[in-house]
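Structural overview
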Amino acid sequence: MINKKKNVPYSDFYDEEIKSDFKLQEHLEDFVYSMETDYFRMWEAVEKEEDNKELSERERNILDGLISFDDYDGPILYINEIARPTKSWYEVANDVAQKLRVERLQSYEMYTELVGEEGWDRLRDAINKYAGGLSLPEGVTEPIQVIPARLRHELEIQVAIDWLIGLGQREVLTLENPEQNYRIPNLLSELKKREDSVQYVKLTMNMILSDFIELREKDLKTFKEEMKKKLGLHSMDEEIIDKLSVYKV
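Residues numbered from 1 in each chain as written. Predicted model: local features only at pLDDT ≥ 70, side-chain atom pairs only at ≥ 80, totals over all residues. Heavy atoms only, no water.

Considering the overall build of the protein chain
Looking only at helices and strands, the protein chain features eleven helices and four strands. Along the first, second and third principal axes, the C-alpha set of the protein chain runs to 75 × 35 × 25 Å. Counting every position in the protein chain, which comprises 249 residues, the buried fraction comes to 47%. Looking at the protein chain as shown, the accessible area adds up to about 13900 Å², and 46% of this sits on carbon and sulfur atoms. (Helix = DSSP H or I, 4+ residues; strand = E, 2+ residues; numbered from the N terminus. Buried < 20%, exposed > 50% of the residue type's maximum accessible area, 1.4 Å probe, protein only. Areas by Shrake-Rupley, 256 points an atom, 1.4 Å probe, with all protein chains shown as cover.)

Below you can see the structure in the form of structure tokens.
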């Protein structure tokens, strides 16, 4: 969390709140770019220098690469005409992560690719690749942990569920159509890659249908039958982790 200093200008990372898929895409891209270009690390280095805190070698190199401020006694107000951010990198990451999670997708509605790997995968990968050495909130030891565990695991499940998006959007897009038979095996394959998340959320068939996706009636029956058959489930409330762990992709 940013501890704001008096008489120092700050700049909102976002020009607007995230109220549309377009804005969410824009903010995700801005966050990833800012991580890639060390925007947050640069300002953290500046504030450490101002507070006489020890700098890492990487932070020192970043400051050495900036225009010299040796003749200036006060705090740095702007870099490249941009003030320091109002939010920490992990607050921004959380803002985006929370918006990426969509409660109960409807398979027959249109969604952007943000509900799948283009959203969470990009955010997760940016954190894992670029956040090392950045500040962390109290009690957090690894950068990815700045996203609450429940949200992280739900987003992993949502990426897998993306294989069901499209069912019901057109007459031919139904599980009754043999050409759509790939969807359930691909879903199970993605869930299998994410067994830690399946176990964490205690995923059941009922949870998939109540918390993650709504299917049209004609697909619901086939989905239940195929999932029970492929996993050997006995009930809709049975946790699927044990069955999934021995499922052959």
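Considering helix H3 (residues 57-64)
All of the buried residues in H3 are Glu59, Ile62 and Leu63. Each buried residue of H3 lies within a common arc of 95° when the element is viewed along its axis, so the set occupies one face. Along H3, exposed side chains directed more than 90 degrees from the buried face belong to Glu57 and Asp64. Elements that come into contact with the buried residues of H3 comprise helix H2 (39-50). (Arc of directions from axis to C-beta. Contact = heavy atoms within 4.5 Å.)

Things to note about the pattern of salt bridges
Throughout the structure, instances matching the rule amount to 22 salt bridges. As a salt-bridge pair, Arg124 and Asp125 come within 2.9 Å of each other at their nearest N and O atoms. Residue class for Asp125 comes out partly exposed when judged on its relative accessible area of 42%. Note that Lys192 is salt-bridged to Glu195, the shortest N-O span being 3.4 Å. Note on Glu195: relative accessible area 23%, which makes it partly exposed. Each of Asp121, Arg124, Asp125, Glu156, Glu190, Lys193 and Arg194 takes part in one network of salt bridges that share partners. (Salt bridge = Lys/Arg side-chain N within 4 Å of Asp/Glu carboxyl O.)

Description of the environment of Ile127
Structurally, the position occupied by Ile127 is in helix H5 (residues 120-130). For Ile127, a relative accessible area of 0% puts it in the buried group. Counting along the chain gives 17 residues from Ile127 to Ile144, while the straight-line C-alpha distance between them is 6.2 Å. Ignoring any residue separated from it by four or fewer positions in sequence, one finds Ile127 in contact with Phe31, Trp89, Ala93, Pro143, Ile144 and Ile147.

What to know about the nonpolar core
Of all hydrophobic cores here, the largest spans 42 residues; its most connected members are Phe31, Met35, Phe40, Trp89, Leu123, Ile127 and Ile147. Taken together, the elements giving at least two residues each to this core come down to helix H1 (21-36), H2, H3, helix H4 (89-100), H5 and helix H6 (149-161). Ranked by residue count, the leading element in this core is H4, at seven residues. Counting residues in each nonpolar core, the second largest holds 33 residues, with Ala160, Val201, Leu209 and Leu220 among its members. (Core = buried A, V, L, I, M, F, W, Y, C linked by side-chain atoms within 4.5 Å.)

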